[in-house]
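# Residue-level structure breakdown
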Amino acid sequence: MTQNRDNSTRTKARKRALDILYESELRDRPGTDTLAERIGLGEPPVRPFTIELVNGVLERLDELDAAIAGALTGTWTVDRLAHVDRNLARIALYEIAHTDTPPAVAISEAVGLAAEYSTPESPSFLNGVLSAAAQRLAVATPGDSQQT
């Protein structure tokens, strides 16, 4: 099996969404401002899927953070997560709950980006959290199909 992660348009859009959400948190500014700034720069262009992901995460932040919190164990809290991991979890859960992306794909993409941009422990930790959160989402909406 050949892995073309770096060549995937959607992977690039997810990476850019992560960049925007991460930067917004670090700069303590609204994500909509950072997104608008990136769109205004035009280079590199901001893909429509990036815009959908960023706006979707921002619009559903409380819902996504509640899903993450419900999947954490022990003394872990959403605020305690690394910025990269927290935003990757938000992006993946938004995709799972609100797009036609299959849960396994959203989780795999988040884990892959965590391997690239976060700590060595992040991929397995994020995989566990996202798997648990995705199961909770599936139970919460048993008859709801995400396919269009």
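Just so it is clear, the structure is predicted and the values come from calculations on it, not from any experiment.

## Observations concerning unusual backbone geometry
A positive phi angle, near 50°, is found at D28, a position not held by glycine. Counting through the fold element by element, D28 comes out in the loop between helix 1 (9–27) and helix 2 (31–41). With a relative accessible area of 72%, D28 lands in the exposed category.

## Some thoughts on the packing of aromatic side chains
Aromatic rings in a pair are described by how distant their centres are and how their planes are angled relative to each other. A complete count under the given rule lists 1 aromatic pair for this structure. With a centroid separation of 4.9 Å and 45° between ring planes, the pair formed by W76 and F125 is classed as tilted. Here W76, found in the loop between helix 4 (61–71) and helix 5 (83–98), pairs with F125, found in helix 7 (residues 122–140); they are 49 residues apart in sequence, far enough to count as distant. Relative accessible area serves as the criterion here: at 26%, F125 is assigned to the partly exposed category. We note R10 situated over the ring of F49; from NZ or CZ to the ring centre the distance is 3.9 Å. If you follow R80 out to its NZ or CZ, it ends over the ring of W76, 3.9 Å from the centre.

## A look at helix 2
When helix 2 is considered as a whole, its buried residues turn out to be G31, T34, L35 and R38. The arc enclosing the buried residues of helix 2, seen along the axis, measures out at 100°, which places them on a common side. Those residues of helix 2 hidden inside the fold are in contact with helix 1 and helix 3 (48–59).

## Points about helix 5
End to end, helix 5 covers 22 Å across 16 residues, agreeing with the expected 22 Å (1.5 Å per residue, within 8%). Along helix 5, 13 of the 16 residues are buried, which leaves the element largely enclosed by surrounding structure.

## Brief notes about the pattern of salt bridges
Tallying each qualifying case throughout the model produces 12 salt bridges. The salt bridge involving R38 is made with E23; its shortest N-O contact spans 2.7 Å. Here the residue R38 occupies a position in helix 2, and E23 occupies one in helix 1, the gap between them amounting to 15 residues. The burial state of R38 is the same as that of E23; both residues are buried. A salt bridge links R29 to E37; the nearest nitrogen and oxygen atoms lie 3.3 Å apart. Take E37: its relative accessible area is 30%, and that puts it in the partly exposed class. Residues joined in a network through salt bridges with shared partners are E23, R27, R29, E37 and R38.

The rules behind each value
- Numbering of residues starts from 1 in every chain and runs along the sequence as written.
- This being a predicted model, a pLDDT of at least 70 is required before a residue's local features are given, and a value of 80 or more before pairs of side-chain atoms are given or counted; all residues contribute to the totals for chains, interfaces and linings.
- Side-chain numbers come from the whole structure's heavy atoms, not from hydrogens or water.
- Counting from the N terminus, the helices are the DSSP runs of H or I reaching at least four residues and the strands are the DSSP runs of E reaching at least two.
- Each residue is assigned to one of three classes by its accessible area relative to the maximum for its type, calculated with a 1.4 Å probe on protein chains only: buried under 20%, partly exposed between the two thresholds, exposed over 50%.
- Aromatic pairing here means that ring centres of Phe, Tyr or Trp (its six-membered ring) are within 6.5 Å. Orientation follows from the plane angle: under 30 degrees is stacked, over 60 is edge-to-face, and everything else is tilted.
- Counted as over-ring charges are cases with an Arg CZ or a Lys NZ within 6 Å of the ring centre that also lie within 35 degrees of the ring normal.
- Note that the arc is computed from the directions linking the helix axis to the C-beta atoms.
- Whether two residues touch is decided by their heavy atoms; if any such pair falls within 4.5 Å, the residues are in contact.
- Here, expected helix span is obtained from the residue count minus one, scaled by 1.5 Å.
- The salt bridge definition used is simple: a Lys or Arg side-chain nitrogen within 4 Å of an Asp or Glu carboxyl oxygen.

Remember, this is a structural readout, not a statement about activity or role.
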